[in-house]
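# Examination of the molecular architecture
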Amino acid sequence: MILYDNGLGQQLGFRNPAKQIVHQSSLKMKNHQNLTLLFWHRKSKADANGLAPVICRITIEGEEPEELGIRMKVHLKNWDIENKKAKGSGTNEKKTNLKI
C-alpha cells in the first residue's frame, strides 16, 4: 500500500492493490490479525554479476500480499533458501541479514 498526502503533510489515505485510494477514516484494523513476513531471493532479476534483490512479502490476514524490495542484493550462491537469509561472512551478507 502506498501512502498519499496532499502536499501539506496531511495524509489522505492509501492506494490498495485495485489502484483505488482508500481514505484513512475507512481503514479498520482488527485487534487479532495474523501478520506474515517472508523474505525471498528474486533470482529472475539477477544482474550480470549474479546479484539478485531480496524481497519481503507482507501478508495480513484477509488482505492481498504486498511485496517490497529491501534494497539489498545477494549473490545467487550466497542465499540460504531454507533459512531465508544470506550465508557467508562478508560485509554485504552481514548487512543484509541485519536488515532482515
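Scroll up to find the structure this text is about.
The numbering scheme is per chain: residues are counted from 1 as the chain's sequence reads. Since the coordinates come from a predicted model, pLDDT governs what is reported: local features require at least 70, and pairs of side-chain atoms require 80 or more to be given and counted, while whole-chain, interface and lining totals use all residues. To obtain the side-chain values, all non-hydrogen atoms of the structure were included, while hydrogens and water were left out.

### Brief notes about unusual backbone geometry
Phi angles above zero are rare outside glycine, and Arg71 is one such case at about 65 degrees. Each helix corresponds to a stretch of at least 4 residues labelled H or I by DSSP, and each strand to a stretch of at least 2 residues labelled E; elements are numbered beginning at the N terminus. Along the chain, Arg71 falls in strand S6 (residues 66-75). Partly exposed residues are those whose accessible area sits between 20% and 50% of the maximum for their type, while under 20% is buried and over 50% is exposed, using a 1.4 Å probe and protein chains only. Judged by relative accessible area, Arg71 falls into the exposed class, the value being 80%. Positive phi is not limited to glycine here, since Lys84 has a value of about 55 degrees. Along the chain, Lys84 turns up in the loop between strand S7 (79-80) and strand S8 (85-86). What makes Lys84 partly exposed here is its relative accessible area of 32%.

### Remarks on the pattern of salt bridges
A pairing counts as a salt bridge when a side-chain nitrogen of Lys or Arg comes within 4 Å of a carboxyl oxygen of Asp or Glu. A complete count under the given rule lists 3 salt bridges for this structure. One salt bridge in this structure joins Lys73 and Asp47, with 4.0 Å as the shortest N-O distance. Placement of the pair is Lys73 in strand S6 and Asp47 in the loop between strand S4 (35-41) and strand S5 (51-60), with a sequence separation of 26 residues. The partly exposed category is assigned to Lys73, whose relative accessible area is 39%. A relative accessible area of 30% means that Asp47 is categorised as partly exposed. A salt bridge links Arg57 to Glu67, with the shortest nitrogen-to-oxygen separation between them at 2.8 Å. Highlighted residues: Arg57 in strand S5 and Glu67 in strand S6, separated in sequence by 10 residues. Note on Arg57: relative accessible area 27%, which makes it partly exposed. One salt-bridge network, in which partners are shared between bridges, spans Arg42, Arg57 and Glu67.

### A few points about the side chain of Glu93
Its place among the elements puts Glu93 in helix H1 (residues 91-99). For the buried Glu93, no salt bridge exists, and the shortest N-O distance to an oppositely charged side chain is 8.6 Å, to Lys77. Apart from residues no more than four positions distant in its own chain, Glu93 is found in contact with Asn78, Ala86, Lys87 and Gly88. Only four residue types enter the charge count: Lys and Arg as positive, Asp and Glu as negative, with His and the chain ends excluded. Every residue pair with non-hydrogen atoms within 4.5 Å of one another is taken to be in contact.

### Section: the pairing of S6
In this description, strands pair whenever DSSP reports at least two bridges between them. Where S5 and S6 come together, 7 bridges link them in antiparallel fashion. Bridge assignment links Pro53 to a residue of S6, and that residue is Lys73. Counted between consecutive antiparallel strands, the loop separating S5 from S6 contains 5 residues, among which Gly62 sits at a positive phi close to 85 degrees.

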